[in-house]
Amino acid sequence: MAGLKIIKSGSYLPENVITNFDLEKMVDTNDEWIRQRTGIISRHQAIEETAIDMAVKASIPCLDGIDKSKIKYVIVATMTPDYFTPSCASIIAGELGIENDGVMVFDLSAACSGFVYGLNVASKMLEDDELALVIGVEKLTKAVDFTDRSTCILFGDGAGAVVVARSEANYQSHLGYKGNIDSLNLATCDGAKLKMAGQDIFKFAVRIVPQTIEKLLEGNSMTMADIDYVILHQANDRIIESVAKKYGDHHDKFVSSIAHVGNTSGASIPLAFDKLQRENKLTTGKVMMIGFGGGLTWGGCIVEYALR
Ligand code: UT7
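Residues numbered from 1 in each chain as written. Predicted model: local features only at pLDDT ≥ 70, side-chain atom pairs only at ≥ 80, totals over all residues. Heavy atoms only, no water.

1. A short note on the site of the ligand
Around the ligand lies a shell of 21 residues, among which Thr29, Gln199, Asn236, Arg238 and Asn263 are the nearest. Here a nitrogen atom of the ligand and a side-chain polar atom of Thr29 are 2.7 Å apart. For the ligand, the protein covers 74% of the area, taking 950 Å² as the surface of the free molecule. According to the grid-proximity analysis, the pocket containing the ligand is the largest pocket. The set of elements that each furnish at least two residues to the shell around the ligand consists of α2 (31-38), α6 (149-152), α7 (198-219) and α8 (237-244). Residue contributions to the shell around the ligand peak at 4 residues, all from α7. Classifying every residue of the shell around the ligand by side-chain character gives 9 nonpolar, 8 polar and 4 charged. (Near = heavy atom within 4 Å. Polar contact = N/O pair within 3.5 Å; in protein donor to acceptor, adjacent residues only side chain to side chain. Areas by Shrake-Rupley, 256 points an atom, 1.4 Å probe, with all protein chains shown as cover. 1 Å grid on protein atoms, 1.4 Å probe; cavity = no way out; pocket = protein on both sides within 12 Å on 5 of 7 lines; lining within 4 Å. Sits in = over half its atoms within 2 Å of the grid points. Helix = DSSP H or I, 4+ residues; strand = E, 2+ residues; numbered from the N terminus. Nonpolar A, V, L, I, M, F, W, Y, C, P; charged D, E, K, R; others polar.)

Structure, rendered in structure tokens:
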């Protein structure tokens, strides 16, 4: 893909928190099992707030000091949009006052790979001197069956957003898809609940993620030494750890922010990125981002950051 540079980031997590102990009261589970098997201690739940509300709150800090007239694309990665139509993106852009001539706003549905897919789409469309606002947002708890212990322990709500510009260097990305409707079924629009073949997706992830990392490094003639951070979709800490340990000295570049956020699907990568930003860990550098999940879909890319 044409190179991208993240120049701003923001995120938002709703106030209400569901702890593992809360879940113990709803299903046959326990805090110890959830922590050991997933690394999750708590997750956030949007009660009154919509996906659009969360995305707007995540985007406001992104626009601070940005010339909004340069934003040509607003891309919202989500599998839990508020409506069939209009898109979340069109309402979010309106609320943020992004109403430039020729601006293109749309939602993108690729489950947990959605944010990386969104960056790739932006990279293909952006011209010099143009900007894109790319958002990952999910209100997954509206689709969670709180009587199903195999899913309700994982998922949470939240939003992350970045403003991206073209960078001078080009980077090759790696995206893919394998048809498998049984692994992650999600149909929120008719009120159906999320079902997931957890073990299958786990096995798929620990196979596809290292392959994607190798393809990204090889395709860009890089080694892990060239990368400052690796942000995998925050699905399960055991997936992150199983991949990170393959990279010995670079283990600590693998970001884990799942403990108090849970699995937020399309929002998990920008949420993890913005957490680094809030911790003042980002000046300039390169981050590798890899999403995987429903579809089955996966996607990896290398993006520069130089935060304003
Ligand atoms: O983001 C979208 C993509 N999704 C993912 O990437 C999710 C990937 N998958 C996972 O994260 C894991 O597969 C889960 C966290 C969903 C499940 O963990 P697991 O280690 O694969 O557990 P399992 O399904 O193999 O179940 C192991 C045992 C079973 O008991 P037995 O048969 O060994 O006696 C389950 O019945 O744990 C039991 N179990 C639970 N026990 C307490 C399953 N869920 C729970 C639970 N609490 N919540």
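2. Things to note about the pairing of strand β1 (residues 4-12)
For β1, the buried fraction is high: 8 of the 9 residues fall into the buried class. Strand direction decides the pairing type here: β1 and strand β7 (residues 157-166), joined by 8 bridges, are antiparallel. Within the sheet, the bridge partner assigned to Gly10 lies in β7 and is Ala161. Where β1 and strand β13 (residues 297-306) come together, 2 bridges link them in parallel fashion. In the sheet register, Ile6 faces β13, and the bridge partner there is Tyr305. (Buried < 20%, exposed > 50% of the residue type's maximum accessible area, 1.4 Å probe, protein only. Pairing = 2+ DSSP bridges.)

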